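# Observations on the three-dimensional arrangement
Listed here are the chains, written in short residue letters.
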Amino acid sequence: MEKQIEDEINLILAECYENGMIPFHQSISDIRDKAITRAKILGLIKCKNKNVYELSIEGLKVLDFEGGVREYLMNIESKEKKDDLIKDLSIKDLKGNIFQFKLAWLFFLLNAIVSFIVGNFELVSEWFDLIR
């Protein structure tokens, strides 16, 4: 986002906070118009009446950040990256657990076979003698 638009959004949010609302008329500058559009898209301001806007909860959160809109957006982006990383790690962990679960069944089966052979050694040895 352009620096001018960021500064204008910060100014709009500050004005909304001080006055409770802010009216916008048809004769506003291009930068202010773009800033209003971006602020609405980001959910920082909401329409109260036809051309009167007020702060949203997200707009109040932006005012709490020292860097304004830029810091707020960077914070949101870093949270989204962390959430994506956690999801990716969780999926990898689940896949690993499924693999371990499959190996547990194999281990259980081998253990049962060995237990049968050891428990019935005489029967198994007689069976091998019959095969020869």
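Fair warning: this is a prediction, and the values are worked out from it, not measured in the lab.

Here we come to the pattern of salt bridges. Taken as a whole and judged by the stated rule, the model has six salt bridges. A salt bridge links Lys 3 to Asp 7, with the shortest nitrogen-to-oxygen separation between them at 3.2 Å. Within this pair, Lys 3 and its partner Asp 7 are both found in helix 1 (residues 3-19), separated by four residues, close to a single helical turn. For Asp 7, a relative accessible area of 37% corresponds to the partly exposed category. When salt bridges that share partners are traced, they join Glu 8, Glu 15 and Arg 32 into one network.

Reading across the sheet, the three strands line up as 1-3-2 and stay open at both edges, with antiparallel pairing between neighbours. A single partner strand is all that each edge strand has here, and the edge strands are strand 1 (22-23) and strand 2 (45-49). Sheet topology places strand 2 next to strand 3 (residues 52-55); four bridges connect them, and they run antiparallel. By the bridge assignment for strand 3, Cys 47 is matched with Tyr 53.

In terms of nonpolar packing, the biggest core is built from 17 residues, with Ile 9, Leu 13, Leu 44 and Ile 45 touching the most fellow members. Sorting the residues of this core by element identifies helix 1, helix 2 (30-42), strand 3 and helix 4 (69-119) as the ones contributing at least two each. Per element, the largest residue contribution to this core is five residues, and it comes from helix 1.

Our focus in this paragraph is the packing of helix 1 against helix 3 (residues 57-64). Running from N to C, helix 1 and helix 3 cross one another at 110 degrees; their axes reach a closest spacing of 10 Å. Overall, the two elements helix 1 and helix 3 adopt an arrangement that is roughly perpendicular. Counted together, Asn 10, Leu 13, Ala 14 and Tyr 17 of helix 1 and Gly 59, Leu 60, Val 62 and Leu 63 of helix 3 form the full contact between these two elements. Among the residues forming the contact of helix 1 with helix 3, the class breakdown is six nonpolar, two polar and no charged.

Among the structural elements, Ala 104 can be located in helix 4. Judged by its relative accessible area of 39%, Ala 104 is partly exposed. Between the alpha carbons of Ala 104 and Glu 15 there is a distance of 64 Å; along the sequence they are 89 residues apart.

Cut-offs applied
- Residues numbered from 1 in each chain as written.
- Predicted model: local features only at pLDDT ≥ 70, side-chain atom pairs only at ≥ 80, totals over all residues.
- Heavy atoms only, no water.
- Salt bridge = Lys/Arg side-chain N within 4 Å of Asp/Glu carboxyl O.
- Helix = DSSP H or I, 4+ residues; strand = E, 2+ residues; numbered from the N terminus.
- Buried < 20%, exposed > 50% of the residue type's maximum accessible area, 1.4 Å probe, protein only.
- Pairing = 2+ DSSP bridges.
- Core = buried A, V, L, I, M, F, W, Y, C linked by side-chain atoms within 4.5 Å.
- Axes fitted to C-alpha atoms, helices over the stretch in contact; angles between N-to-C directions.
- Parallel < 35°, antiparallel > 145°, perpendicular 65-115°, else oblique.
- Contact = heavy atoms within 4.5 Å.
- Nonpolar A, V, L, I, M, F, W, Y, C, P; charged D, E, K, R; others polar.

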